[in-house]
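Here is what each chain is made of, one letter per residue.
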Amino acid sequence: MSAKTLPICLSLMVAAMAGCGGSPEKLPHLVPVHGKVTLDGQPLANANISFLPPTGPSSAALTNDAGVYVLMNKSGAPGAVAGLHTVIITTDLLGARTKEAEKVPAKYNSASTLTASVSESTAEHNFDLTSK
C-alpha cells in the first residue's frame, strides 16, 4: 500500500467502524505494538501477522517491504489488548494453502508456536523466523 493511499484507507476503516447511530461499543484498552519480521535473516514483505489473545479482540497487520508492521485492532484502532497472544505469520494471504503461496513454515502459522506478551513496556515485538 502506498504512502498516499494508507491515510485514505485508514480514514475509510474508521468511518465504517463508526456505524450509523446507536451507542458506540466500548473498546478495551489497547497497547501500541510494532516490530519487524524476518525469514532467514531477510525482511519478510507482504506477510500477515496476527496477534490472538485468549479473550478479547484480535489484532493484525501486513508487513511492508522492510518487514515492518504496526498492529491494528479488528475495531480499526491501533494496538492490541494487553496479555499473552498466540502469533500467526503467513504469506498465503488468499488462503490457497499451497507450498508456493506459503513461504513461512507451519510452526509459525497453522501450527503456530509463537507467542508475544503485550504490555505497556513491550511495544516492540520482532520475529526472526527460519525456513527450516
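Here is a short report on the structure shown in this document.

Here is what the cut-offs are and how they apply
Residues numbered from 1 in each chain as written. Predicted model: local features only at pLDDT ≥ 70, side-chain atom pairs only at ≥ 80, totals over all residues. Heavy atoms only, no water. Helix = DSSP H or I, 4+ residues; strand = E, 2+ residues; numbered from the N terminus. Buried < 20%, exposed > 50% of the residue type's maximum accessible area, 1.4 Å probe, protein only. Contact = heavy atoms within 4.5 Å. Pairing = 2+ DSSP bridges. Phe/Tyr/Trp six-rings, centres within 6.5 Å; stacked < 30°, edge-to-face > 60°. Patch = residues over 30% accessible without salt bridge, like charges linked within 9 Å, V, L, I, M, F, W, Y side chains within 5 Å. Areas by Shrake-Rupley, 256 points an atom, 1.4 Å probe, with all protein chains shown as cover. Salt bridge = Lys/Arg side-chain N within 4 Å of Asp/Glu carboxyl O. Core = buried A, V, L, I, M, F, W, Y, C linked by side-chain atoms within 4.5 Å. Polar contact = N/O pair within 3.5 Å; in protein donor to acceptor, adjacent residues only side chain to side chain.

1. Focus: the overall build of the chain
Across its full length, the chain carries one helix and 11 strands. Start at the N end of the chain and walk to the C end: the helices and strands fall as α-β-β-β-β-β-β-β-β-β-β-β. For the chain, buried positions account for 33% of its 132 residues. Taking as baseline every contact in the chain between residues at least 6 positions apart, the subset at least 24 positions apart corresponds to 61%.

2. Overview of the pairing of strand S9 (residues 83-90)
Taken together, the five bridges between strand S4 (residues 48-52) and S9 define a ladder with antiparallel strand orientation. Paired with Phe-51 across the bridge in S9 is Val-87. As paired strands, S9 and strand S10 (residues 114-118) are joined by five bridges and run antiparallel to one another. By the bridge assignment for S10, Val-87 is matched with Leu-114.

3. A short note on the packing of aromatic side chains
Inspection of every chain in the model, using the stated rule, returns two aromatic pairs. Where Phe-51 meets Phe-127, the ring centres are 6.2 Å apart and the plane angle is 80°; that geometry is what we call edge-to-face. Of this pair, Phe-51 sits in strand S4 while Phe-127 sits in strand S11 (residues 127-129), and the two are 76 residues apart along the sequence. Using a relative accessible area of 0% as the deciding quantity, one classes Phe-51 as buried. Taken together, the ring pairs in this structure connect Phe-51, Tyr-69 and Phe-127 into an aromatic cluster.

4. Observations concerning a nonpolar patch on the surface
Together, Leu-62, Leu-93 and Leu-94 give the surface a local cluster of nonpolar side chains, amounting to about 350 Å² of exposed area. Along the chain, Leu-93 falls in the loop between S9 and S10. The class for Leu-93 is partly exposed, based on a relative accessible area of 44%.

5. Re the nonpolar core
Ranked by size, the top nonpolar core spans 21 residues in total, and within it Ile-49, Phe-51, Tyr-69, Ile-89, Phe-127 and Leu-129 carry the most contacts. Elements represented by at least two residues in this core include exactly strand S2 (34-39), S4, S9, S10 and S11. Contacts of Leu-129, omitting those with residues within four sequence positions, involve Val-37, Thr-38, Leu-39, Asp-40, Leu-44, Ile-89, Val-104, Tyr-108 and Leu-114.

6. Considerations on the sheet that holds S4
In sheet architecture, strand pairing relies on hydrogen bonds along the backbone and comes in two forms, parallel and antiparallel. An order of S7-S5-S4-S9-S10 is seen for the five strands of this open sheet, with the pairing classed as antiparallel. One side of each edge strand has no neighbouring strand; the edge strands of this open sheet are strand S7 (72-73) and S10.

7. With respect to unusual backbone geometry
One non-glycine residue, Asp-40, lies in positive phi territory at about 55°. Backbone geometry places Asn-46, a non-glycine residue, at a positive phi of 55°. Summarising the element assignment, Asn-46 is placed in the loop between strand S3 (42-43) and S4.

8. Concerning the pairing of S4
By the bridge criterion, four bridges tie S4 to strand S5 (residues 59-62) in an arrangement that is antiparallel. Counterpart to Ser-50 in the pairing with S5 is Ala-60. In textbook terms, the turn of a hairpin is the stretch between consecutive antiparallel strands, and for S4 and S5 this stretch comprises six residues, one of which, Gly-56, has a positive phi near 95°.

9. Points about the side chain of Glu-102
You can see Glu-102 is positioned in the loop between S9 and S10. Polar side-chain contacts of Glu-102 include one of 3.5 Å to the backbone nitrogen of Asp-92. Setting aside residues no more than four positions away along its own chain, Glu-102 makes contact with Thr-90, Thr-91, Asp-92 and Asn-109.

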